[in-house]
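Read off the chains here:
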Amino acid sequence: MAQWQKVLKLDPARQVAVSRLYGEVLPREYRHCLGDWIEDQNWDLAADDEDKATECFHKLLCHLELQEKLSYQMNNILQGPNFPRIKCHFEKHFKDYPVKLAKLICDCLSKERKILDSTIETQDSEPRNQEQSDMGNKISGLRNEILTAEQQIKYLENLHVELLNELPLSPALARDGLLLKAKSDTQNKTKEMLIKQLESILGLAGSIVSSLIFEKLPKWKSQQQNVCIGGPTGSCINELQSWFTTVAEDLQQLRGQLKKFHEQEMKYSSGEPFNLLTQVTQYEEHTHDLLRRLHENALVVEKQPCMKSLPQQPLIVKTKVAFSVKVRYLIKLKEFYSLLLVTPFFDKDVNDITINGNNDCSKFRKFNLTANKSPRISKVLALDFTSDALVAEFENLTLTEERDAGTRSNNQSSLPVMEELHIIKFVTQLQWLGQALDVETSTLPLVVVSSSNQTPSAWASLLWCNMQTGEPKNRSLFLSPPSVTWQRLSEVLNWQFLSISKRGLNEDQLSMLRDKFVDQADGLVHWTRFSKEGVWFWIYGILYLIEKHLLDIWNDGFIMGFVSKERVDSLLRNMQTGTFILRFSETVKEGAITFSWVEHLNGGTHVHAVEPCTEKDLEMMSLPNLIRCYNYVSPENTLRNPLHYLYPSIPKEEAFKRHYSNKTRRSILNEYLSRRWAALSSLPTPLLSPDEEMDSPEEEFIEDMDIVLEHFSPDLEKLIMEELQKELDNEKAETSTRQHP
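On a predicted model such as this, the values are computed, not experimentally measured, just so you know. (Residues numbered from 1 in each chain as written. Predicted model: local features only at pLDDT ≥ 70, side-chain atom pairs only at ≥ 80, totals over all residues. Heavy atoms only, no water.)

1. Describing the overall build of the protein
Phase 1: The secondary structure content of the protein amounts to 23 helices and 23 strands.
Phase 2: Taken over 741 residues, the protein has a buried fraction of 48%.
Phase 3: Of all intrachain contacts in the protein linking residues separated by at least 6 positions in sequence, the fraction that spans at least 24 positions is 73%.
Phase 4: When the accessible surface of the protein is totalled, it reaches about 37,400 Å², and 49% of it is carbon and sulfur. (Helix = DSSP H or I, 4+ residues; strand = E, 2+ residues; numbered from the N terminus. Buried < 20%, exposed > 50% of the residue type's maximum accessible area, 1.4 Å probe, protein only. Contact = heavy atoms within 4.5 Å. Areas by Shrake-Rupley, 256 points an atom, 1.4 Å probe, with all protein chains shown as cover.)

Below you can see the structure in the form of structure tokens.
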């Protein structure tokens, strides 16, 4: 395939880049009509050899003369390129400077190839899906059709002038008396073809604009919703901007050509039976309407409100704490640079939905929005060179609650404050084509808290709000909160773990959670079960525990996590003695982790579950160190670590050695013995039989574990110190061996 044909199939952004290579000296239209021929010449050699450059220049003139003759023979004088004019252009600019022409063409062809190569690399590394490809092809097709229509309008203008001045192009045709009639017939046919083409262009443009406004833009906004609650990154906003900008440029170009066509008809077509003024006026109005629709939807919130202290939980705003938000204008045209002033408003002119005749939103708390303590918070949309976009970033915004005298809050709503949804609206006015066009957008619903303790509840509300497939800006949502499917909730729960770690939840873990959330035959999860009954706060506590204390071993897959005690008993009973499983406690609602191990003793199998480790415990000793140092005291007053294999059969040292830390102990200094925390349990005396274990309640099987430093009985203290001293001696010996092999 010829190079120019490949260029014509590029996406809109790259076609714009190619278009910028050409100008008045070498117009893009001339490159288009010379197409394959110009690529067959050796311009690289001509750029360094004046004789070769002169030869190429004369070949170009001969080629243009040949094309002119062919257009006469094929009766395609007006519908094709104006070859005499192109020939005159090259003679005027390059007759005495053929090397300059050769260098110019050589440079343009080289840059075209670079753009094509970059396209191939992008397609190899990031294959575009079919939808993106289809949209790019449609926009490319629109641009090509507008270019063709522009050429036809130019041809019509030239023909009007020639008919008006009655300048015959061929004496032979003039003598036959056929030239004037031929020109008139050609003119009418060209007009008919142009009208059909303009109808096709407007139909295609309307389809593209509708697709951008009602499909691509909502899809991006939906993906942004998911990203805000931990979901995967979706389509890039830069691609959306490229589409909006390219279509706006094309429509402006089309509007200019329609205006030119209209003026031509006004000037030349009086008295003609084929009057197009009414149709052209309608086309101009249609084009104007398409441009207006694009502009009205071009302002978007690129970055939702977010505090620096909660980067992974946007849309939670704390009173009197700074947050930021960024808006972008998707039509990046130079005439709008530093022109549009954007102003944010808090909960102003929001069309709230009334539920069962009740609109409680008017009773929500009221807030004042300021920036750096100033109520003047408008920003100008300016070009950001990093993102190559027209943006306005609002930083250091704060909210202050309006309060009546003598009251702590102005909340009169029946909803808790964590279920109040608020919205920030952004408004700008575009002076466009002599009209003032109001353009606005708004954030996703946000929750305003006054204390960090309200964050878990606020995040629950935001998850529930953004899981809904309907209108995301319904501030009345929690007056009658809809249910969600378990499939949707499980997806969002998985995102919560992936947002803080490299590991999500597997099917077994999700199955265990499903039993806690779903108790209906319809498989739906209800807001009360999710938030009011404590299940969410249990998961939130576990997320915090993982992020602060368990991240490495969670990422390694060493924590089975969400598995019931009954399931653990079943898994461990057939394993070798000393096999243990790490799981999250179901009884500690703030989040805790425990471990169970199996012991085959006296002909029986016993599964022991240790008292859960809370955040306070893990602050004292990391979980890998706790597993390493854990001991239990038997009835015979002996000390033993029963943990040998991480389920199913991974040696403890192999799994946890690299996670061990010395933060919980000191070496021997200044003749003092080192000290360390010890994790101890006392087994039941005597051990329960297997049957008794199965019949007893769970609480009776949790072995009390203490992480202690002192206050042992004298005998037990001596035993512990002996064991710890042995371990220290072994470590010193290992260190000495490594230093002096």
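Read on for the rest.
2. Considering the environment of Ser 501
Phase 1: Tracing the sequence through the fold places Ser 501 in the loop between helix H14 (486-500) and helix H15 (507-517).
Phase 2: Owing to a relative accessible area of 12%, Ser 501 belongs among the buried residues under this scheme.
Phase 3: Separated by 2.7 Å, the side chain of Ser 501 and the backbone oxygen of Phe 497 make a polar contact.
Phase 4: Reaching out from Ser 501, the side chain makes a polar contact with the side chain of Trp 554 at a distance of 3.2 Å. (Polar contact = N/O pair within 3.5 Å; in protein donor to acceptor, adjacent residues only side chain to side chain.)

3. Details of the nonpolar core
Phase 1: Counting 145 residues, the largest nonpolar core has Tyr 329, Phe 517, Phe 530, Trp 536, Leu 582 and Phe 656 as its most contacted members.
Phase 2: Top contributing element to this core by residue count: helix H10 (residues 179-228), with 13 residues.
Phase 3: When neighbours within four sequence positions are excluded, Trp 536 is seen to be in contact with Pro 456, Trp 459, Ala 460, Leu 463, Leu 493, Phe 530 and Leu 543.
Phase 4: Counting 30 residues, the second largest nonpolar core, distinct from the first, contains Val 18, Leu 60, Leu 61 and Phe 90. (Core = buried A, V, L, I, M, F, W, Y, C linked by side-chain atoms within 4.5 Å.)

4. Quick word on the packing of H14 against helix H17 (residues 535-555)
Phase 1: At their nearest, the axes of H14 and H17 sit 10 Å apart, and the two run at 30 degrees to each other. The hand of the H14/H17 crossing is right-handed. Judged by residue contacts, Leu 493, Gln 496, Phe 497 and Ile 500 of H14 engage Trp 536, Ile 539, Ile 542, Leu 543, Ile 546, Glu 547, Leu 551 and Trp 554 from H17.
Phase 2: The residue makeup of the contact of H14 with H17, split by class, is ten nonpolar, one polar and one charged. (Axes fitted to C-alpha atoms, helices over the stretch in contact; angles between N-to-C directions. Left-handed = near helix turned anticlockwise from the far one by under 90°. Nonpolar A, V, L, I, M, F, W, Y, C, P; charged D, E, K, R; others polar.)

5. A word on the pattern of salt bridges
Phase 1: All told, the structure shown has 22 salt bridges when counted by the stated rule.
Phase 2: A salt bridge links Arg 28 to Glu 29; the shortest N-O distance between them is 3.7 Å.
Phase 3: Judged by its relative accessible area of 22%, Arg 28 is partly exposed.
Phase 4: A salt bridge links Glu 249 to Arg 143; its shortest N-O distance comes to 3.5 Å. Linking Glu 249 in helix H11 (residues 237-268) with Arg 143 in helix H8 (residues 130-165), this pair joins segments that are 106 residues apart in sequence. (Salt bridge = Lys/Arg side-chain N within 4 Å of Asp/Glu carboxyl O.)

6. Considering helix H2 (residues 12-19)
Phase 1: Along H2, the positions that sit buried rather than exposed are Pro 12, Gln 15, Val 16 and Val 18. Projection of H2 onto a plane perpendicular to its axis shows the buried side chains occupying an angular sector of 160 degrees, all on one side. (Arc of directions from axis to C-beta.)

7. As for the sheet that holds strand S10 (residues 435-442)
Phase 1: An order of S6-S4-S9-S10 is seen for the four strands of this open sheet, with the pairing classed as antiparallel. The two strands at the open ends of the sheet, each matched to only one other strand, are strand S6 (379-380) and S10. (Pairing = 2+ DSSP bridges.)

8. Describing the packing of aromatic side chains
A ring pair, where both rings are aromatic, is described by two values, the distance of the centres and the angle of the planes.
Phase 1: Under the defined criterion, the tally for this structure stands at 22 aromatic pairs.
Phase 2: Seen in terms of ring centroids, Phe 478 and Trp 527 are 4.8 Å apart; in terms of plane orientation they differ by 50 degrees. Their pairing is tilted. Separated by 49 residues along the polypeptide, Phe 478 in the loop between helix H13 (455-467) and strand S12 (484-485) and Trp 527 in helix H16 (residues 527-532) bring together distant segments of the chain.
Phase 3: Of the residues examined, Phe 478 reaches a relative accessible area of 3% and is grouped as buried.
Phase 4: A residue is classified by how much of its surface remains accessible, and Trp 527, at 5% relative accessible area, is buried.
Phase 5: Clustering of aromatic rings is evident, with ring pairs tying together Trp 464, Phe 478, Trp 486, Phe 517, Trp 527, Phe 530, Trp 536 and Tyr 540.
Phase 6: Across from the ring centre of Trp 554, 3.9 Å away, lies the NZ or CZ of Arg 503, which sits over that ring.
Phase 7: Here Arg 628 stacks its cationic end above the ring of Tyr 660, 4.7 Å away from the centre of that ring. (Phe/Tyr/Trp six-rings, centres within 6.5 Å; stacked < 30°, edge-to-face > 60°. Lys NZ or Arg CZ within 6 Å of the ring centre and 35° of its normal.)

9. Some remarks on the packing of H14 against H15
Phase 1: Closest axis-to-axis distance for the H14/H15 pair is 11 Å, and the angle between their directions is 125 degrees. Classed by the angle they form, the pair H14 and H15 counts as oblique. The two elements H14 and H15 meet at a crossing, and its hand is right-handed. Counted together, Trp 486, Leu 489, Ser 490 and Leu 493 of H14 and Leu 510, Leu 513, Arg 514 and Phe 517 of H15 form the full contact between these two elements.
Phase 2: Split into classes, the residues belonging to the contact of H14 with H15 amount to six nonpolar, one polar and one charged. (Parallel < 35°, antiparallel > 145°, perpendicular 65-115°, else oblique.)

10. Some points on the pairing of strand S5 (residues 367-371)
Phase 1: Extensive coverage of S5 is indicated by the burial of four of its five residues.
Phase 2: As judged from the five bridges shared by S5 and strand S8 (residues 389-401), these two strands associate in the antiparallel manner. Bridging across to S8, Ala 371 finds its partner in Leu 397.

11. Looking at the side chain of Ser 461
Phase 1: Topologically, Ser 461 is positioned in helix H13.
Phase 2: Residues within four places of Ser 461 in sequence aside, it is in contact with Met 418, Glu 419, Val 447, Phe 478 and Trp 527.

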